[in-house]
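Given next are the chains, with one letter for each unit.
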Amino acid sequence: MAIVADEETIDKLRNILFEMIKTAKLKASMQKIYLKAMDERELGVYIFRISNVSPRIRVSNNSVDYVAIIEDVDADLQEPLARILREQGIIVSLKNNVDISIFVDKAPSVVGIDENRGKISIVARLLNDISRLLSLRRDVVLKIIKTVIKDESEELIEAYRLVTRR
Amino acid sequence: MVKDRLSIPRIIEKISSRYGVETIYVILDALSVRMADRITLGKIRKIYLKDAMELLYAVADSSVKKFIALIALRESNMAKIVFLLQKMIHILEQNEDIKGLLFLLCYDRKTVFRAVDEFLMHGIDILTIVPPNLYTVAASGTLVFSAHSDEYRERLGIVICGPALIGLEILDEDVDFDVMERMLVSREGVLDIHYGFGKVAVVCMGTVIEDIVDIANRRNLQKDLAVYGFIQFGRNLKEKLGEIVLRYGNILVLGCSKAIIDDLRILAHEFVEKGKIARIPNFITIGDTHRGFPSEEAMERAILDILGHGKISGDYEVSATNSIRFECSREVREAIDVISSVHRKIKKIAVLPLRIDVEAVHVDDLYDAYILLNSLDDSDSMYILVMHMADAIASGDIFDKVLGVKDKRVVIVLESNDVGEGVRKVMSKMISEFTGPGVKVLSFDDLEALKKRKWRGSRKILIF
């Protein structure tokens, strides 16, 4: 999974994700790497891997099956993201934030979140998708969010409830 | 087996609690300060020092018997660190009960190679470890602090941590020091890896080892390849390399420092002259060892090609790096926006590892920023210099010079990158020692005042 986010968001998200993986009795790793675009500009991406054996720590072409774009990314910088995404992978971002023509070769499923609902909804959607993958119950995820980020959890809990209701 | 979240700060905590190390020396730098901030174990005492020389005095003078030091390694302080290590050997020879582990934190892979080259070139006879994973970082703690390490060479260890490990956090099986101690006793303290029994030798070091072993496993190449993963340097390295040269006709060198490649070639020539081998082995080095880094696919293709398994066509590969950079905090971004909004011509300079945006000029250190400020001749522009507080203190003399740059309007924004409140206060106090006439100090709360300010004259403004 590749996550494009600022450090503040990723710090909270990292703790929640690791707690979810711990609950599911799996192994995981998170690492920040910089992907280089054609024009030599770099995009900071957090690579999160889930596995039942020790996860590998390198990224290559077609190695990521889920991309969450929480921060705004230039169209030029989306090109390296398209390289690492697997065929028929999933992209989650705010609506109109992704240039589909760049990803078209990979035939991905694009989940566009309404801009009015804000970036927190992307985080909520991501947590929902992972909880489904790990077969974690909704109440377990809510409990993890409450425990991990305590006081600032209200907004995320609200967004998560909204996502899971659909 | 119990699982735990592991990262370098967490491993340091584990080493500390296992072996009773209660003092951590932190040499001021953006990276080392951030690492230290993530070490939260209560009984650990963190001592912040301005530069590597202060560490020398601290070790020589204090009654601390076991210590860990966090030092950020840059191209600019490499010579200082080599000097520090040479002097440290003398201190350890005279004080038999001191044990220490130095973590050299590298911003990029290039610095890891440079460090290995420098240490080999200067004949630093200290246990030097380039760990391929976080468990090896823990093992280096065991090697240094466990009871059997008595000789001075073993009482001081250097762990050269590359960016791949610094930025990594895993949820995996917890470190078992009992198993590690037993394993190290049975292997006579050697961490190096030898895998496979083929006729082509692969020589590699650091995090590349895991990739090569992974390729060998995945492609079932154990009978074709003999992987020699070097983790420990400085001791018996020449003998180990000599054995490889004597035994193999085809040697593939992947992701190794230049000194190792040169050593292999020199040894081969020596052996031919002495008649130990009939011809010089085929050396194939992949990737420009000082600049680039081969991707796993590139290494896989090269290995298969050499083994005669045919070429595999590959697409243009994604280019990725894991160099350490820090994004600026929200306050700093706001400060830059406010200044940009009130002045027409803005030039932004950021001292790495801090990153602002694509329009900014990113320089390696404060010295480069000083030269840049002096060389730019644009009196209309307002310069915004963004740097980490720790870097400003560590390179105090140059920071003083930057504050003294004439005829330029400069706003210096100092980032503290979420370090603890206590450390931040101390650093702020140290920074205020630099201020004098011609320098105005503001805090992020005073940003509104900036809007009303008349931007005339060359008075420097310091914001933190």
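Just so you know, these numbers come straight off a predicted model, no measurement behind them.

(A) Structural context of the overall build of chain B. The number of helices and strands found in chain B is 19 helices and 23 strands. C-alpha atoms of chain B, sized along the principal axes, occupy 80 × 55 × 45 Å. In chain B, of all internal contacts separated by at least 6 residues, the share reaching a separation of at least 24 is 78%. As displayed, chain B has an accessible area near 20,000 Å², and 48% of this comes from carbon and sulfur atoms.

(B) Highlighting the packing of helix α1 (residues 7–23) of chain A against helix α5 (residues 138–149) of chain A. Residues and elements named next belong to chain A. Running from N to C, α1 and α5 point in directions that differ by 135°, and their axes come no closer than 10 Å. Considered as vectors, α1 and α5 are oriented oblique to each other. Judged by the twist between their axes, the crossing of α1 over α5 is right-handed. When α1 is examined against α5, the residues Lys12, Asn15, Ile16, Glu19, Met20 and Thr23 are found in contact with a partner set consisting of Val140, Val141, Ile144, Ile145, Val148 and Ile149.

(C) Layout of the layout of surface pockets. Each pocket or cavity is described by its volume, and for the second largest pocket that value is around 1,100 Å³. In terms of lining residues, the second largest pocket is bounded by 35 residues, among which A:Asp11, A:Arg14, B:Arg34, B:Arg38 and B:Glu169 are the most central. Secondary-structure elements contributing two or more residues to the lining of the second largest pocket are α1 and β2 (27–36) of chain A together with β1 (3–6), α1 (8–19), α2 (30–37), α8 (163–166) and β8 (168–173) of chain B. Examining the composition of the lining of the second largest pocket, we find that 6 residues originate from one element, α1(A), more than from any other. Tallied by class, residues from the lining of the second largest pocket come to 14 nonpolar, 7 polar and 14 charged.

(D) Structural detail: the interface of chain A and chain B. Of the residues lining the interface, 33 residues belong to chain A; the matching set on chain B comes to 33 residues. Taken over both partners, the interface formed by chain A and chain B buries close to 3,100 Å², and the fraction arising from carbon and sulfur atoms is 45%. Summed over the three residues of chain A that lose the most area to chain B, namely A:Glu7, A:Tyr34 and A:Arg58, the buried surface amounts to 23% of that side. For B:Arg355, the salt bridge identified is with A:Glu42, shortest N-O distance 3.9 Å. The tally of links between chain A and chain B comes to 13 residue pairs in polar contact (both at pLDDT 80 or more). Where the side of chain A that touches chain B is concerned, the elements lending two or more residues are α1, β2 and α2 (79–84) of chain A. At 10 residues, β2(A) tops the list of elements feeding residues into the side of chain A that touches chain B. Tallied by class, residues from the side of chain A that touches chain B come to 14 nonpolar, 6 polar and 13 charged.

(E) Quick look at empty space enclosed by the protein. All names here are of chain B. In this structure the tally under the stated criterion is 3 cavities of 30 Å³ or more. Of the volumes computed, that of the largest cavity is approximately 130 Å³. For the largest cavity, the lining is made up of 13 residues, of which Arg109, Val112, Val130, Gly162 and Thr207 are closest to its centre. Of all elements in the fold, only α5 (109–121) and α8 reach the threshold of two or more residues within the lining of the largest cavity. Split by residue class, the lining of the largest cavity holds 9 nonpolar, 3 polar and 1 charged.

(F) The arrangement of the sheet that holds strand β6 (residues 127–129) of chain B in detail. All names here are of chain B. Read across the open sheet, the 7 strands follow the order β3-β2-β4-β5-β7-β6-β12; overall the sheet is mixed. Edge strands, defined here as strands with exactly one partner in the open sheet, are β3 (45–49) and β12 (232–233). Pairing analysis gives 4 bridges linking strand β2 (residues 23–27) to strand β4 (residues 66–73), with the strands arranged parallel. Bridged to Thr23 within β4 is Phe67. Packed onto the sheet, helix α3 (residues 52–61) meets β2, β3, β4 and β5 (99–106) and runs at close to 155° relative to β2. Contacting β4, β5, β6, β7 (156–161) and β12, helix α6 (residues 134–145) crosses the sheet at an angle of about 155° to β5.

(G) Representation of the packing of α1(B) against helix α9 (residues 177–186) of chain B in the model. Residue and element names in this part refer to chain B. For the pair α1 and α9, interaxial distance at closest approach is 12 Å and the crossing angle is 80°. Considering the angle they form, α1 stands roughly perpendicular to α9. Along its contact with α1, which presents Lys14, Ile15, Arg18 and Tyr19, the element α9 presents Phe177, Asp178 and Glu181. When grouped by side-chain class, the residues that make up the contact of α1 with α9 number 3 nonpolar, no polar and 4 charged.

(H) Broad picture of the packing of aromatic side chains. Residue and element names in this part refer to chain B. Overall, the coordinates contain 5 aromatic pairs over all chains when judged by the stated rule. Relative to Phe177, the ring of Tyr19 has its centre 5.6 Å away and its plane inclined at 85°; by these criteria the two rings are edge-to-face. Here Tyr19 is found in helix α1, whereas its partner Phe177 is found in helix α9, with 158 residues between them in sequence. Residue Tyr19 is classed as buried on the basis of its relative accessible area of 9%.

(I) Spatial organisation of the pairing of strand β21 (residues 409–415) of chain B. Residues and elements named next belong to chain B. Burial runs high along β21: 7 of the 7 residues are buried. Here β21 shows two buried faces, one formed by Arg409, Val411, Val413 and Glu415 and the other by Val410, Ile412 and Leu414. As paired strands, strand β20 (residues 382–388) and β21 are joined by 7 bridges and run parallel to one another. Within β21, the residue paired with Val386 across the bridge is Val413.

The rules behind the values
Residues numbered from 1 in each chain as written. Chains lettered and ligands numbered in written order. Predicted model: local features only at pLDDT ≥ 70, side-chain atom pairs only at ≥ 80, totals over all residues. Heavy atoms only, no water. Helix = DSSP H or I, 4+ residues; strand = E, 2+ residues; numbered from the N terminus. Contact = heavy atoms within 4.5 Å. Areas by Shrake-Rupley, 256 points an atom, 1.4 Å probe, with all protein chains shown as cover. Axes fitted to C-alpha atoms, helices over the stretch in contact; angles between N-to-C directions. Parallel < 35°, antiparallel > 145°, perpendicular 65-115°, else oblique. Left-handed = near helix turned anticlockwise from the far one by under 90°. 1 Å grid on protein atoms, 1.4 Å probe; cavity = no way out; pocket = protein on both sides within 12 Å on 5 of 7 lines; lining within 4 Å. Points joined across faces, edges and corners; volume = space filled by probe spheres on them. Nonpolar A, V, L, I, M, F, W, Y, C, P; charged D, E, K, R; others polar. Buried area = accessible area lost by both parts, 1.4 Å probe. Salt bridge = Lys/Arg side-chain N within 4 Å of Asp/Glu carboxyl O. Polar contact = N/O pair within 3.5 Å; in protein donor to acceptor, adjacent residues only side chain to side chain. Pairing = 2+ DSSP bridges. Phe/Tyr/Trp six-rings, centres within 6.5 Å; stacked < 30°, edge-to-face > 60°. Buried < 20%, exposed > 50% of the residue type's maximum accessible area, 1.4 Å probe, protein only.

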